[in-house]
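Reading the structure
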Amino acid sequence: MKKPFFLINTIVVMFILVFVGIVYYKFTSHLIFKDSANHLDEVFSQSNQSLEHLVSKKWICMRDWSCYFKDIKDDNKVKAYIDELKERNGFTEFYFLSQEGEYITSEGKTGYINLAENLTKLMIDRENIVLRASFPGQPEFELFGIPCFNGVYRDFEYDAFAIGFDNNCLVETLENKVYYEYASSYVVRVCIDNVGQNNRSVYNFLGMLKDYSNLSEEELETIRQAFRSKESGVITLEIDEEKFYLVYQPVKFDDWMLLGLVPSKVVNSNMSKLQIITLIAGVGSMAFLMLAVGIIISYRSRRRLRSMGTEIKYRERLFTALSDNEEASISAAPCLKSLQFKVLLL
């Protein structure tokens, strides 16, 4: 009887320990995700602010330049001023833009830039723009444009001007100082084409997630709707069987979104170690406590059984003694009667 009872107790204890371990692991995993999500949101908010500061600074400088162009009518002085600005600010080219999207550079080169819907935004709505542009056979570049007064440069009428930067302009801004070697940052438009990125070469971000991640169509649609609604958030996903955190935040201007991909093993490295240590310590403590309680209960049970055995032995001895006394009294009764008879004769 003892062995089955001990086996059942052992199984029950093991089940309790496993159940507690699973509940504790899930609880701490949720806390780790929440803490990591808040940390990542804060880290990428700094990159977001840096990006907004960069673009706003470019636009502010360009507005100041437009005042100079308005006052100076000499093309040679305008070119000299632009050359000075190019050397000081590091942009690759300066473009005077017409309402049809045609341009002329400070060197006098002419051509056409396909601004798509940004042309209406720039010329009709009179709003600042920033986009990724390209010319046939040349690498893509970042284009910052602002509307301005109607002017003329080398007999070319313009209503706006723009400056071009290579991709390093945004890439350096997107570099994450906390997870520098591991984080991949992207700036995408709501149409999901990338404006700029670092570390990973991706053109259509959601297309990449669809092909290489474990996200379902419903989850991808949820992310797409979050992008369109300019919402921020943090989710976990797997890409090529490696777990990542995906951070997405809206950028204040235009329809841009800032995205970040960071391996979860990098973000949770210290927290995961702490989780495992506390899990082992907690389960070990519970196992030790349950073992101690089991030993105490077993010890008390043995004492109770021992005392009951001793009590039974005393009762048996007492019963034996009483039985012996009763037999002795019965055998002594005839002797007492003959003795009484003799006394009466005397």
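First, a word on scope: everything that follows refers to the structure included in this document. Within every chain, residues take consecutive numbers counted from 1 along the sequence as written. Restriction of local features to residues with pLDDT of at least 70 applies here, the model being predicted, together with a cutoff of 80 or more for giving and counting side-chain atom pairs; totals for whole chains, interfaces and linings are based on all residues. Here the side-chain values reflect all heavy atoms present in the structure, with hydrogen atoms and water set aside.

**What to know about the overall build of the protein chain**
Worth spelling out the cut-off: The helix count covers DSSP runs of H or I at least four residues long, the strand count covers runs of E at least two residues long, and both are numbered beginning at the N terminus. Contact definition: two residues touch when any of their heavy atoms are within 4.5 Å. The Shrake-Rupley method, run with a 1.4 Å probe, gives the accessible areas here. Residue values count only the displayed protein chains as cover.
What the protein chain contains, in helices and strands, is eight helices and eleven strands. In the protein chain, 54% of the contacts between residues at least 6 apart in sequence involve partners at least 24 apart. With the model as given, the accessible surface of the protein chain reaches about 21,700 Å², and the carbon-plus-sulfur share is 58%.

**So, the pattern of salt bridges**
To be explicit about the condition: Should a side-chain nitrogen of Lys or Arg be within 4 Å of a carboxyl oxygen of Asp or Glu, the pair is scored as a salt bridge. Think of it in three bands: residues with accessible area under 20% of the maximum for their type are buried, residues over 50% are exposed, and the middle band is partly exposed, with areas taken using a 1.4 Å probe on protein chains only.
Under the defined criterion, the tally for this structure stands at nine salt bridges. Here Glu 93 makes a salt bridge to Lys 86, at a shortest N to O gap of 3.6 Å. The buried category is assigned to Glu 93, whose relative accessible area is 15%. Of the charged contacts in the structure, one is a salt bridge between Arg 224 and Glu 221, with a shortest N-O distance of 2.8 Å. Taken together, the positions of Arg 224 and Glu 221, both in helix H6 (residues 217-228) and three residues apart, correspond to about one turn of that helix. Classification of Arg 224 by relative accessible area gives partly exposed; the value is 24%. On the accessibility criterion, Glu 221 (31% relative accessible area) is partly exposed. Members of the salt-bridge network, linked through shared partners, are Lys 79, Asp 83 and Glu 107.

**Some remarks on the sheet that holds strand S1 (residues 93-97)**
What counts here: A pair of strands is labelled paired if DSSP reports no fewer than 2 bridges between them. Helix axes are fitted to C-alpha atoms over the stretch in contact, other axes to C-alpha atoms as well, and angles between N-to-C directions run from 0 to 180 degrees.
If you walk across this open sheet you meet the six strands as S3-S2-S1-S6-S5-S4, and the pairing is antiparallel. Taken across any chain shown, the strands that pair with only one partner, and hence form the sheet edges, are strand S3 (110-112) and strand S4 (129-133). The mean inter-strand angle of the sheet, taken between neighbouring strand axes irrespective of direction, is 35°. Alignment of strand S5 (residues 141-153) against strand S6 (residues 156-165), held across nine bridges, turns out to be antiparallel. Paired with Gly 151 across the strands is Tyr 158, a residue of S6.

**A few points about the environment of Tyr 182**
Residue placement: Tyr 182 occurs in the loop between helix H4 (168-174) and strand S7 (184-189). By relative accessible area, Tyr 182 is classed as partly exposed at 47%.

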